[in-house]
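Letter by letter, the chains look like this.
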Amino acid sequence: MENHESLVEVLRLADRILIASHVNPDGDSIGTLIGLGLGLESLGKEVIMVNNDKTPSMYSYLDGASRILRPEQVEEVPDTVVLVDCTDVERVGPGLAERLKKAAVLVNIDHHLSNSRFGHYNLVDEEAAATAEIVAKLLGPLKIKLNQSIATALYTGIVMDTGSFRYSNTTAATHRLAAYFLEQGVDLDQVRDNLFETRPLAMLRLMGEALQTLKTSPDGQLAWVEITQEMLDRTGARDEHCEELINYPRSVAGVKIGILFREISPGKVKVGFRSKCGVDVNKLAGQFGGGGH
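Participant: Outline the packing of helix α2 (residues 27-41) against helix α4 (residues 131-139), supporting the account with residue identities and numerical values.
Facilitator: Two elements in contact, α2 and α4, have axes whose closest approach is 9 Å; the angle formed by their N-to-C orientations is 15°. Classed by the angle they form, the pair α2 and α4 counts as roughly parallel. Between α2 and α4 lies a crossing whose hand is left-handed. Residues Asp28, Thr32 and Leu36 of α2 lie in contact with α4, whose contacting residues are Thr131, Ala132 and Val135. Considered class by class, the residues forming the contact of α2 with α4 number three nonpolar, two polar and one charged.

Right under this line is the structure:
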């Protein structure tokens, strides 16, 4: 991690701060965005939280979720901008990225191996299970008092990026931090119900269609599913309903890498990898200009 003390001082001195996270936001990007935003607000700062896309409904239980703006709602970008859970500036979306690049102070907080260190201040820890872990460690130096709302947002980020503490990025420190959040009043029933036990009918219909496309390689070590725009239109599902589907090919016995092919526009397909048994899919994604954890 770089410039830790200087970064803390920059955030302490700023009166207005814009915080943004990546397009098609997941639990870590939304949880970190809200957790840091609410924390800085508790210090009396004016905070603008923004994301290129609509917040997935499964995260609407988080305090502050309804206050996340879309780029067109941001009239003026303040001098200090913080990007969370983004490997590069472009991850916030092309239109917003161009505006944020002009910020006098650009802060980069992330945990991805492929992070490009694009900020004036870079707080990047590839060993962290989630960006929420990194933000949690900032609370003390910033003298932010942890409350239930902040704890719930950051706990959500950790839960989602560790696959409910099942992925290999989960450490003893991750569990200790999660326990600390629970001690601050996180409502585990609320989190569980919203994240794992409530699903839109459209998502279940999409899951049924996607699983019909399930295929495996001859050696049984690869499995994949496909999602087309036609399937999304037919089921009424949205992009946010696609992310979990990669877990199903990965769960097939003997499979080491699960793959999700998702059509995002005519002739353009997004490919996601998820592995087990110690396979480094970040290197595989890197061969095609991608990357991740």
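Participant: Which residues make up the packing of aromatic side chains, and what values go with them?
Facilitator: As enumerated under the stated definition, the model contains two aromatic pairs in all. With 6.4 Å between their ring centres and 35° between their planes, Tyr180 and Phe181 make a pair best called tilted. Judged by relative accessible area, Tyr180 falls into the partly exposed class, the value being 38%. Judged by its relative accessible area of 1%, Phe181 is buried.

Participant: Could you give an account of the pattern of salt bridges, with specific residues and numbers?
Facilitator: Per the stated rule, a full pass over the model turns up 14 salt bridges. Its salt-bridge partner being Glu98, residue Lys101 comes within 3.1 Å of it at the nearest N-O pair. According to the relative accessible area criterion, Lys101 is partly exposed, its value standing at 39%. Measuring nitrogen to oxygen at the nearest pair gives 3.3 Å for the salt bridge that ties Glu243 to Arg262. With Glu243 in the loop between α9 (229-235) and α10 (247-250) and Arg262 in strand β8 (residues 257-265), this residue pair connects regions lying 19 residues apart in the sequence. For Glu243, a relative accessible area of 36% corresponds to the partly exposed category. Salt bridges linked by common partners bring Glu90, Glu98 and Lys101 together as one network.

Participant: Describe the layout of surface pockets, with residues and values.
Facilitator: Volume-wise, the second largest pocket comes out at about 150 Å³. Around the second largest pocket, the lining residues are Lys54, Thr55, Pro56, Ser57, Ser60, Ala65, Ser66, Ile68, Arg70 and Arg238. Considered class by class, the residues forming the lining of the second largest pocket number three nonpolar, four polar and three charged.

Participant: Kindly report on the sheet that holds strand β9 (residues 268-275), identifying the contributing residues and their values.
Facilitator: Within the open sheet, the four strands sit side by side as β6-β7-β8-β9. Their pairing is mixed. Two strands lie at the open edges of the sheet, namely β6 (215-216) and β9, each paired on one side alone. Here strand β7 (residues 222-227) pairs with β8 via six bridges, running parallel. Directly across from Glu226, in β8, lies its bridge partner Phe261.

Calculation rules
Residues numbered from 1 in each chain as written. Predicted model: local features only at pLDDT ≥ 70, side-chain atom pairs only at ≥ 80, totals over all residues. Heavy atoms only, no water. Axes fitted to C-alpha atoms, helices over the stretch in contact; angles between N-to-C directions. Helix = DSSP H or I, 4+ residues; strand = E, 2+ residues; numbered from the N terminus. Parallel < 35°, antiparallel > 145°, perpendicular 65-115°, else oblique. Left-handed = near helix turned anticlockwise from the far one by under 90°. Contact = heavy atoms within 4.5 Å. Nonpolar A, V, L, I, M, F, W, Y, C, P; charged D, E, K, R; others polar. Phe/Tyr/Trp six-rings, centres within 6.5 Å; stacked < 30°, edge-to-face > 60°. Buried < 20%, exposed > 50% of the residue type's maximum accessible area, 1.4 Å probe, protein only. Salt bridge = Lys/Arg side-chain N within 4 Å of Asp/Glu carboxyl O. 1 Å grid on protein atoms, 1.4 Å probe; cavity = no way out; pocket = protein on both sides within 12 Å on 5 of 7 lines; lining within 4 Å. Points joined across faces, edges and corners; volume = space filled by probe spheres on them. Pairing = 2+ DSSP bridges.

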